[in-house]
Amino acid sequence: MSHLSLSGITKSFGGVHALRGVEFQLSERGSVHGLIGANGSGKSTLLGVLSGQLSPDAGTITLHGERVEFRDPAHALSHGIAMVSQESALAPHLSVAENILLGRRLSRSWWGIDWTSTHRRATEVLARLDLDLDPAIAVSRLRPDQRQMVEIARALSIETSVLILDEPTSSLSDDQVRSLFAAVRLLKGQGVSTVFVSHRLPELFELSDEITVLRDGLTVATGPTGAFDQTTLVDAMVGQAATRRRSGPPGRRGPTPGAAPLIEVQKASSDRAFTDVSLTVQAGEIVGLAGLTGAGRGELLESLFGARPFTGQVSLNGTSVTRARPEEAIAAGAAYLPPDRKTDGVVLQRSIVDNLLMVSTRDRRRLGAPRTADTALAATLAKRMSIKAPDLRSPVGSLSGGNQQKVAIGKWLGAGKTVLLLDEPTRGVDIAAKQEIHALLRDAAAQGTALLVSSSETDELLELCDRILVMHAGVIVADVAAAEATEPSITRLAGGHL
Ligand SMILES: Nc1ncnc2c1ncn2[C@@H]1O[C@H](COP(=O)(O)OP(=O)(O)O)[C@@H](O)[C@H]1O
Ligand SMILES: [Mg+2]
């Protein structure tokens, strides 16, 4: 008998049917269950129902053979079901120990706190996760991945039997994902089940015992992980039509023969971020930047775009850019996609048309292009990028993550830039949208654009790039052909083991 099962769950928000009769089961204690589906398929809503944040319109939840109805998250918690949310719910100025015990301490009076036992208890929970964190340190001083661990520790301090993680790895680098997975395995050994959402297939296969696939608010596949492979999963997720579209013409590989280098960097350094970096990227070439968090990948891209001071020589499209000014880089034909599209990549409140034309209209206005031509250009771009939106005048904020990202990339492609500097181009994006973004980038390369792409997902770099530069502690330590590299070999190099 399964120890937790949800059956016939439906949930609507106004006219949106987020869940339309979902079936979901955890087969036994300590099982790790991967939940997968395109952006908007209903994963977070399902987890909201499971954790008591949302009450379903219909359907039943059965726990250990008994029907339960969760009034609120605290009620679900009292049944051992805890959710670690995407948005951090920690109190930054309190210590790790205080945050961990916050949940249980709230039910006690503030003046009655026994600090010695608070710290002892926090240390015990941290040990269960094999975490080496000082319980006395303030949470504000931790990295995002460490904060997530503290949230998990907090969930465990309340005798959790089911831990829910909604996209826990979307902003973690490969090494941070390792330690999170190690913690999930430790908990599994202690009888704690984990339900997690991920868009990364390799980690889903690696970590989960069972998988459930949602599409348009319905369970379209569920079963032991061994019953799936990459193709059956993606087919279930996106449906047949999309799969056929995906297997279109194969992407081109490699730089255009005899092409000039469009990105040339000689001995570039920037304050503690990176040192003595030299590289070239040719027209038609896609070069990846691999490395752990803090290796200097992001800072290097910022410098090439003129958004961070550096010393050394940088030339884009044959134009030397010397000072740190984005205007110079843009004038030289460069575009930059920041890692966090919500704060820098798009203007969420503005329309899709406005966002797509943001960079190109200034030039076009100067050339006297009429407004109708602008709208036509936006429509062409949206079509080329298969941006799925009912109306191009709706705000970008109303789109799914994958489609927002396409707008963020599309605005540069429309402006005819020939040097693309991309930081985490598919972070938090579902697999179908990711494949579309990859196809677009290959397309841009085939038309003679030079691309430098930083990603914390090694498998993404292996799939997308011609060449991979591996950074470690601010230095490029290897330059390998993607065809000859493997995930373990890149991981080893990124860790500084040559
Ligand atoms: N609070 C809400 N109000 C209105 N619509 C919502 C709300 N939460 C989710 N939705 C809609 O429900 C659908 C499923 O969303 P969600 O569960 O967040 O999907 P996923 O997590 O798989 O990306 C989407 O169409 C989304 O726009
Ligand atoms: Mg979600």
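Now for a look at the structure at hand. A quick note: this is a predicted structure, and the numbers were derived from the prediction, not measured.

This part is about the overall build of the chain. Across its full length, the chain carries 19 helices and 20 strands. Looking at the chain alone, contacts between residues at least 24 apart form 67% of all its contacts between residues at least 6 apart. Total accessible area on the chain is roughly 21,700 Å²; 52% of this is exposed by carbon and sulfur atoms.

Around ligand 1, the surrounding shell consists of Phe-13, Val-16, Ala-18, Ala-38, Asn-39, Gly-40, Ser-41, Gly-42, Lys-43, Ser-44 and Thr-45. Between ligand 1 and Gly-40, the relevant distance is 2.7 Å, taken from an oxygen atom to a main-chain nitrogen or oxygen of the residue. One of the side-chain N or O atoms of Lys-43 is found 2.7 Å from an oxygen atom in ligand 1. Calculation on ligand 1 without its partners gives an accessible area of 560 Å², and the protein chains cover 59% of this total. Elements that contribute at least two residues to the shell around ligand 1 include exactly strand 2 (16-26) and helix 1 (43-50). No other element matches helix 1, which puts 3 residues into the shell around ligand 1. Across the shell around ligand 1, the residue classes break down as 4 nonpolar, 6 polar and 1 charged.

Our focus in this paragraph is the nonpolar core. In this structure, Ile-263, Leu-279, Leu-316, Leu-421 and Leu-452 are the most contacted members of the largest nonpolar core, which totals 77 residues. Sorting elements by how many residues they give to this core places helix 17 (residues 431-446) first, with 6 residues. Every residue in contact with Ile-263, bar those within four places of it in the chain, is listed here: Leu-279, Thr-280, Val-281, Leu-304, Ser-315, Leu-316, Val-419, Leu-421, Ala-450 and Leu-452. Grouped together as the second largest cluster of nonpolar side chains are 49 residues, Leu-90, Ile-137, Leu-180 and Val-234 included.

The next subject is the packing of helix 6 (residues 144-156) against helix 7 (residues 174-189). Remark: helix 6 packs on helix 7, axes separated minimally by 10 Å, with the N-to-C direction vectors making an angle of 10°. Classified by the interaxial angle, the pair formed by helix 6 and helix 7 is roughly parallel. On helix 7, the residues touching Asp-145, Gln-148, Met-149, Ile-152 and Leu-156 of helix 6 are Gln-176, Ser-179, Leu-180, Ala-183 and Leu-187. For the contact of helix 6 with helix 7, the per-class residue count stands at 6 nonpolar, 3 polar and 1 charged.

Moving on: the pattern of salt bridges. Tallied over the entire structure, the rule returns 17 salt bridges. Between Glu-457 and Lys-434 there is a salt bridge, with the nearest N and O atoms lying 2.8 Å from each other. Note that Glu-457 is positioned in the loop between strand 18 (450-454) and helix 18 (458-464) and Lys-434 in helix 17, a separation of 23 residues in sequence. Note on Lys-434: relative accessible area 11%, which makes it buried. One continuous salt-bridge network, built from bridges that share partners, spans Arg-200, Glu-203, Lys-434 and Glu-457.

Under the defined criterion, the tally for this structure stands at 3 aromatic pairs. Ring centres 6.5 Å apart and planes at 65° place the aromatic pair Phe-181 and Phe-196 in the edge-to-face group. With Phe-181 in helix 7 and Phe-196 in strand 8 (residues 193-197), the pair connects residues that are 15 residues apart, well separated along the chain. Each of the two residues, Phe-181 as well as Phe-196, counts as buried. Note on Phe-305 and Trp-412: the rings are 6.2 Å apart at their centroids and 80° apart in plane angle, and the pair reads as edge-to-face. Residue Phe-305 is located in the loop between helix 10 (297-304) and strand 14 (311-316), and its partner Trp-412 is located in helix 16 (residues 401-414); the two are separated by 107 residues in the primary sequence. Here Phe-305 matches Trp-412 in class, with each residue buried. Pairwise contacts between aromatic rings join Phe-305, Tyr-336 and Trp-412 into one cluster.

Reading guide: rules and limits
Residues numbered from 1 in each chain as written. Chains lettered and ligands numbered in written order. Predicted model: local features only at pLDDT ≥ 70, side-chain atom pairs only at ≥ 80, totals over all residues. Heavy atoms only, no water. Helix = DSSP H or I, 4+ residues; strand = E, 2+ residues; numbered from the N terminus. Contact = heavy atoms within 4.5 Å. Areas by Shrake-Rupley, 256 points an atom, 1.4 Å probe, with all protein chains shown as cover. Near = heavy atom within 4 Å. Polar contact = N/O pair within 3.5 Å; in protein donor to acceptor, adjacent residues only side chain to side chain. Nonpolar A, V, L, I, M, F, W, Y, C, P; charged D, E, K, R; others polar. Core = buried A, V, L, I, M, F, W, Y, C linked by side-chain atoms within 4.5 Å. Buried < 20%, exposed > 50% of the residue type's maximum accessible area, 1.4 Å probe, protein only. Axes fitted to C-alpha atoms, helices over the stretch in contact; angles between N-to-C directions. Parallel < 35°, antiparallel > 145°, perpendicular 65-115°, else oblique. Salt bridge = Lys/Arg side-chain N within 4 Å of Asp/Glu carboxyl O. Phe/Tyr/Trp six-rings, centres within 6.5 Å; stacked < 30°, edge-to-face > 60°.

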